[in-house]
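# What the coordinates show
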Amino acid sequence: MSWRVVAEKEVRDSARSRSLWVLMTVFAVAFAGGTYLYGFIAGLEPGLESSTEAFVGLMTGQASFYTTSLVAIVGLMTGYSTVVGERESGSLKLLLGLPHSRMDVVVGKTLGRATMLTAGMIVGFAAALAVLLTSYQSFSTTAFLAFAVLTTLLGVAYVGVAVLASASIRSQTRVTAVVVGVFVFLKFVWDSSLLPRLLTYSFTGSFVDTPEWFDYLMNIGPNPAYSTVVSSSLEGFDAVGYYSLVVLLLWMLAPVALAYLKFRNSDV
Amino acid sequence: MSAVEARALTKRYGDVTAVENLDLEIEEGEVFGFLGPNGAGKTTTIDVLLSYKQPTSGEVELLDSDPRDRDVRREVGILPEDFGVYPRLTGREHVEFAVRSKDVDADVDGLLGRVGLDGEGERRAGGYSKGMKKRLVLATALVGEPDLLVLDEPTSGLDPNGARRIREIALEENDRGATVFFSSHVLGQVEAVCSRVGIMQDGRMEAVNSIEGLREEIHAVSRLELTVAGDVEAAAEAARQVEDVVDVEHEDEVVAVHCRRGETKLETLDSVREAAEVVDLRTREKSLEELFAEYTGEP
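The rules behind each value
- Residues numbered from 1 in each chain as written.
- Chains lettered and ligands numbered in written order.
- Predicted model: local features only at pLDDT ≥ 70, side-chain atom pairs only at ≥ 80, totals over all residues.
- Heavy atoms only, no water.
- Contact = heavy atoms within 4.5 Å.
- Buried area = accessible area lost by both parts, 1.4 Å probe.
- Salt bridge = Lys/Arg side-chain N within 4 Å of Asp/Glu carboxyl O.
- Polar contact = N/O pair within 3.5 Å; in protein donor to acceptor, adjacent residues only side chain to side chain.
- Helix = DSSP H or I, 4+ residues; strand = E, 2+ residues; numbered from the N terminus.
- Nonpolar A, V, L, I, M, F, W, Y, C, P; charged D, E, K, R; others polar.
- Domains from an automatic or database assignment.
- Pairing = 2+ DSSP bridges.
- Axes fitted to C-alpha atoms, helices over the stretch in contact; angles between N-to-C directions.
- Parallel < 35°, antiparallel > 145°, perpendicular 65-115°, else oblique.
- Left-handed = near helix turned anticlockwise from the far one by under 90°.
- Phe/Tyr/Trp six-rings, centres within 6.5 Å; stacked < 30°, edge-to-face > 60°.
- Buried < 20%, exposed > 50% of the residue type's maximum accessible area, 1.4 Å probe, protein only.
- Lys NZ or Arg CZ within 6 Å of the ring centre and 35° of its normal.
- Expected span 1.5 Å × (residues − 1).

### Things to note about the interface of chain A and chain B
Listed per partner, the contact involves 31 residues of chain A and 33 residues of chain B. Summing the contributions of chain A and of chain B, the shared interface buries around 2,700 Å²; its carbon and sulfur component is 53%. Linking chain A to chain B there are eight salt bridges. The partner of Arg70(B) in a salt bridge is Asp104(A), with the nearest N and O atoms 2.8 Å apart. Here chain A and chain B share 22 residue pairs in polar contact (both at pLDDT 80 or more) between them. Put simply, the parts of the chain that give the side of chain A that touches chain B at least two residues each are α1 (3-14), α5 (84-89), α6 (91-97) and α7 (102-135) of chain A. Ranked by the residues each element gives to the side of chain A that touches chain B, the list is headed by α1(A), at seven residues. Looking at side-chain class alone, the side of chain A that touches chain B contains nine nonpolar, 11 polar and 11 charged residues.

### Description of the domain arrangement of chain B
Each assigned domain of chain B is listed here: domain 1 (2-215) and domain 2 (220-285). Computed from C-alpha coordinates alone, the two centres of domain 1 of chain B and domain 2 of chain B are separated by 45 Å.

### Overview of the side chain of Thr68(A)
Residue and element names in this part refer to chain A. Looking at the secondary structure, you find Thr-68 in helix α4 (residues 64-79). A distance of 2.7 Å separates a polar side-chain atom of Thr-68 from the backbone oxygen of Ser-64. With near-sequence residues (within four places) excluded, Thr-68 lies in contact with Leu-154, Lys-187, Asn-223 and Tyr-226.

### Some remarks on the pairing of strand β9 (residues 204-209) of chain B
Regular strands place side chains that alternate from one sheet face to the opposite one. All names here are of chain B. Relative to β9, strand β8 (residues 196-201) is paired through five bridges, and the arrangement is antiparallel. Paired with Ile-199 across the bridge in β9 is Ala-207. What sits between the antiparallel neighbours β8 and β9 is a turn of two residues, in which Asp-202 has the positive phi angle 50°.

### Here's the deal with the packing of α4(A) against helix α8 (residues 141-168) of chain A
Residue and element names in this part refer to chain A. One can describe the packing of α4 onto α8 by two numbers: an axis separation of 7 Å at closest approach and a directional angle of 45°. Considering the angle they form, α4 stands oblique to α8. Handedness of the crossing formed by α4 with α8: right-handed. Mapping the contact onto sequence places Thr-67, Thr-68, Val-71, Ala-72, Gly-75, Leu-76, Thr-78 and Gly-79 in α4 and Phe-147, Thr-151, Leu-154, Gly-155, Tyr-158, Val-159, Val-161, Ala-162, Val-163 and Ser-166 in α8. Per-class residue counts for the contact of α4 with α8 are 10 nonpolar, eight polar and no charged.

### Quick word on the sheet that holds strand β2 (residues 16-27) of chain B
Residue and element names in this part refer to chain B. Strands sit in the order β2-β1-β4 across an open sheet of three strands; the sheet is antiparallel. At either end of the open sheet lies a strand with only one pairing partner, and these are β2 and β4 (57-62). Here the average twist between neighbouring strands, direction ignored, is 15°. In terms of strand pairing, strand β1 (residues 2-13) meets β2 through eight bridges, oriented antiparallel. Each bridged residue has a counterpart across the sheet, and for Glu-5 the counterpart in β2 is Glu-25. Across the sheet, helix α1 (residues 42-49) touches β1, β2 and β4, and the angle it forms with β1 is around 115°.

### Looking at the packing of aromatic side chains
Residues and elements named next belong to chain A. Evaluation of the coordinates by the stated rule reveals 16 aromatic pairs over all chains. With a centroid separation of 5.8 Å and an interplanar angle of 85°, the aromatic rings of Phe-203 and Trp-213 are classed as edge-to-face. Placement of the pair is Phe-203 in helix α10 (residues 194-204) and Trp-213 in the loop between α10 and α11 (214-218), with a sequence separation of 10 residues. Exposure remark for Phe-203: the relative accessible area of 67% places this residue in the exposed category. Feature note: the residues Phe-27, Phe-31, Phe-55, Phe-125, Phe-139, Phe-144 and Phe-147 constitute an aromatic cluster, connected by ring pairs. Here the guanidinium or amino end of Arg-102 rests over the ring plane of Phe-263, the centre of that ring lying 5.1 Å away.

### What about helix α12 (residues 222-235) of chain A?
An α-helical turn contains 3.6 residues, so a residue and the one three or four places further along point in the same direction. Residues and elements named next belong to chain A. Helix length check: α12 (14 residues) gives 20 Å between terminal C-alpha atoms against 20 Å at 1.5 Å per residue, within 8%. Across the 14 residues that make up α12, a large majority, 10, are buried. For α12, the set of buried residues is Pro-222, Asn-223, Pro-224, Ala-225, Tyr-226, Ser-227, Thr-228, Val-229, Val-230 and Ser-232. Contact partners of the buried residues in α12: α3 (52-60), α4, α8, α9 (172-191), α11 and α13 (239-264). Just downstream of α12 lies Gly-236, where phi reads positive at about 105°.

Encoded structure:
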């Protein structure tokens, strides 16, 4: 159970990091600002009430690029120095010199960072909530909560991805490069459906037809999976919805598990 | 029972062999000095002993158990050489973190005072000097009265008073019953505190012995210079007949005799006086620093 001690240390330490506070503030402001602007757009759309559902649908549908980019950047930046930062500073020797297993270190540090991210996102969502409550005619607690919780899960998944890079690579500079590469790949190569379409073409020989399994392929990416889960939570889950939920949970757990496997026997 | 045991330990980084086929056993209750010049492989050895690094081959046991076992780790206090601290946490928070990690009760202020950080506990460790950081990590190592203390170059970067305090703490801990593993590239730091020393050179353990034992192991500990009146050749020849005389040189009227042991000098003097008149004599003992240099090939 010593991961708890590690997580506590991690929160105490990172809560004093000025750069993390700046990051969280930028996130909160950008998120509240986005809520205001997109809420305004949602209100102008013909046939739509300015409802929380419409707003959430917009944020995770047409405007999902904005939401997922913001969350990915915050999540990756929260996690990218988790292990490599301590490796480079030498405090990893202090940490592992105490009776913590490698598992305690990976789990504890990831949970600590995820806690920081969650705290930052709660502030961001609180700001968004204030905007919603003052400028919208109706408010749906369920829709908002689903949005808040699932978006936080996506953020935690990105923390895990960053922790994987941080635990596998020995230099902070290279971790940064890899994390930027992951972001660019997911946003511009996957979410843009460029690679999913190419893969589909290699099976079907056609760029025009969209086979039934295309959604399953597309939703391997964390961002499309997240969007689908949010809309499913508003409109009801179908097979793709459940599949996407599993994918999202895997994105939360698998990178951290891999990070442990990479870190377990690595030299400090 | 042994506190530290390594069997046929080898650690390679690619083509470079940092530690080669090292055997080491440290008995419980010893203060063991681990000596060698920088780059000899001391820190790599310690890193493997403490599971910071994986051995390429060979086995390691701490306190007769797997060094990764948590219950064993709670009984090992560690001051690594190339450590870092958490710059945003205070000194006190570092020690408290160690207390919670080891799940023990400890007097945090007492520990900070013992290492000489009285009144510095509320400051963030990022503002500490190098020596203060070292004292701080030593305090975390002392938490929970560990059975084994591993101190890698604990005195380097400290002023003489700080270094003496560290040696005193090592002895105090040993009196309490702890085994102390004390590494240094400076012999003077360990000779006063260690019951045995091991000398490492180029990834190998060159010698393990008590300080006196090392002295005896090394040839030509003492040098005796006799100025004789009369037959210099005969005087030199007389010196050569004495047991434990290693080498004899003579130039003009001076005969220089290298003795294996300090006691040999008087016998040599008696023997030479039978062959020639001795008008003057000078002796020179090799310092331990020179012995160490002789082992490691470093001046």
